[in-house]
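Overview (structure and organization)
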Amino acid sequence: MKKKSKLIITSTLSMICLCVLGVFIPAVTARDSFAPSWLNEGVYMTYYAKNEGDIRVFNADDPRFEGLNYLYTPVDSGYFDWIRHSGANLTWKCDSVNSTMAKLQVTFDYIGERLDHYEGAALTRTSLNGESFQRTGVVYVDLYTRAVYNVDGVLLGTTHLWLPANPSGGQKIVVWDVESKTITLPVTLNRHQTIQGTQEAFMFMDDFKLVDSDPSSSKHMGMFYDLETGLATGGVFDWDPIFAAIGLESANLAGDNGENAVLDTNIKFGTTSTTINLTQILQYAILPIAVVLLLVAFVIRRKKRGTKWLQ
């Protein structure tokens, strides 16, 4: 019986150590181990900005912006135009998908109010009179690395339309991995209100530079992601390499409440927060259970020692 008690104590201590290590040593996810199961032909997501805002645009056919060059072009260079809009939305739709790559149709619609066009330092301001405009293009996204390519196969960056699903709190996820520049951000678990109800989610709230030597390449990431699918569902969807394919540098799509940025989709998100999530229950319960087992084993051992002494 003595050996059995020692075995219980040893096993329990090992379990506690594993739990502690899992909590305090976050993993880094460089790429998703599995292609998104929800990414099928015909699925789509539409993000929107209901209120007025400004977008920064450029000519996607201009060699100055080819490939990753749009990252190296300072915002105040005079090469970007500014458009004031009274409403905008961006839709990506999967046209086709194979084992490694998805072809996405990207469409940006907006109601134009004003165009600020620059020729060097010279500004020309034109009223757009509330007309509707559209920009459209095609990108190809690697299902595992999330690398984005234009129709000519030129790399544009790493998308954050979706990220690896089901991360743990504190886990670091790669959000950008281009030309030896890798950016990882820690995950915060949360809940998030979406058009499909309150979802279990994870989020980021960070600023960083895509190009170390260029302050103008600073980006902000304040977004919510559905926990079980990894899909971006809210926050401020302001930039992404898929934007570059249609000459869009920033868009500030934050819905109408600064949280839910999704206007429409045919993709089913994960479990709502009103549903019991057994996996999460086990994650939070395993450490207290291990402590209780250790205490029980300790009490049993003390009782055995006392019985032996009385004999």
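Residues numbered from 1 in each chain as written. Predicted model: local features only at pLDDT ≥ 70, side-chain atom pairs only at ≥ 80, totals over all residues. Heavy atoms only, no water.

1. Brief notes about the side chain of T229
With respect to the secondary-structure elements, T229 resides in the loop between β13 (218-226) and β14 (232-236). A distance of 3.3 Å separates a polar atom in the side chain of T229 from the backbone nitrogen of L231. In this structure T229 touches W38, L163, A165, K268, F269 and G270, once residues within four positions along its chain are discounted. (Helix = DSSP H or I, 4+ residues; strand = E, 2+ residues; numbered from the N terminus. Polar contact = N/O pair within 3.5 Å; in protein donor to acceptor, adjacent residues only side chain to side chain. Contact = heavy atoms within 4.5 Å.)

2. Considering the sheet that holds β13
Strands sit in the order β11-β12-β13-β14 across an open sheet of 4 strands; the sheet is antiparallel. In this open sheet, the two edge strands, each paired with only one partner strand, are β11 (188-194) and β14. Direction aside, neighbouring strands of the sheet carry axes that sit 40° apart on average. Bridge count for strand β12 (residues 197-209) against β13 is 9 bridges, and the pairing is antiparallel. Opposite F204, over in β13, you have M223 as the bridge partner. (Pairing = 2+ DSSP bridges. Axes fitted to C-alpha atoms, helices over the stretch in contact; angles between N-to-C directions.)

3. Considering the confidence of the model for the chain
Scored by pLDDT, the chain comes out at a mean of 82, with 76% of its residues at no less than 70. Confidence, read as mean pLDDT per element, is least for strand β1 (residues 28-29) in the chain (42) and greatest for strand β7 (residues 147-149) (97). Ignoring residues within four places in sequence, the model shows residues 7-30, a span with pLDDT below 50, making 29 contacts including any to other chains. The low-confidence segment residues 275-279, where pLDDT is below 50, has 2 contacts with residues more than four positions distant or belonging to other chains. (pLDDT = per-residue confidence, 0-100.)

4. Focus: the pairing of strand β3 (residues 53-57)
Within β3, 4 of the 5 residues are buried, leaving the element largely enclosed by the surrounding structure. With 5 bridges joining them, β3 and strand β4 (residues 81-97) adopt antiparallel strand pairing. Note on β4: the bridge partner recorded for I55 is I83. The sheet contact formed by β3 and strand β15 (residues 248-250) spans 2 bridges and is antiparallel. Counterpart to R56 in the pairing with β15 is S250. (Buried < 20%, exposed > 50% of the residue type's maximum accessible area, 1.4 Å probe, protein only.)

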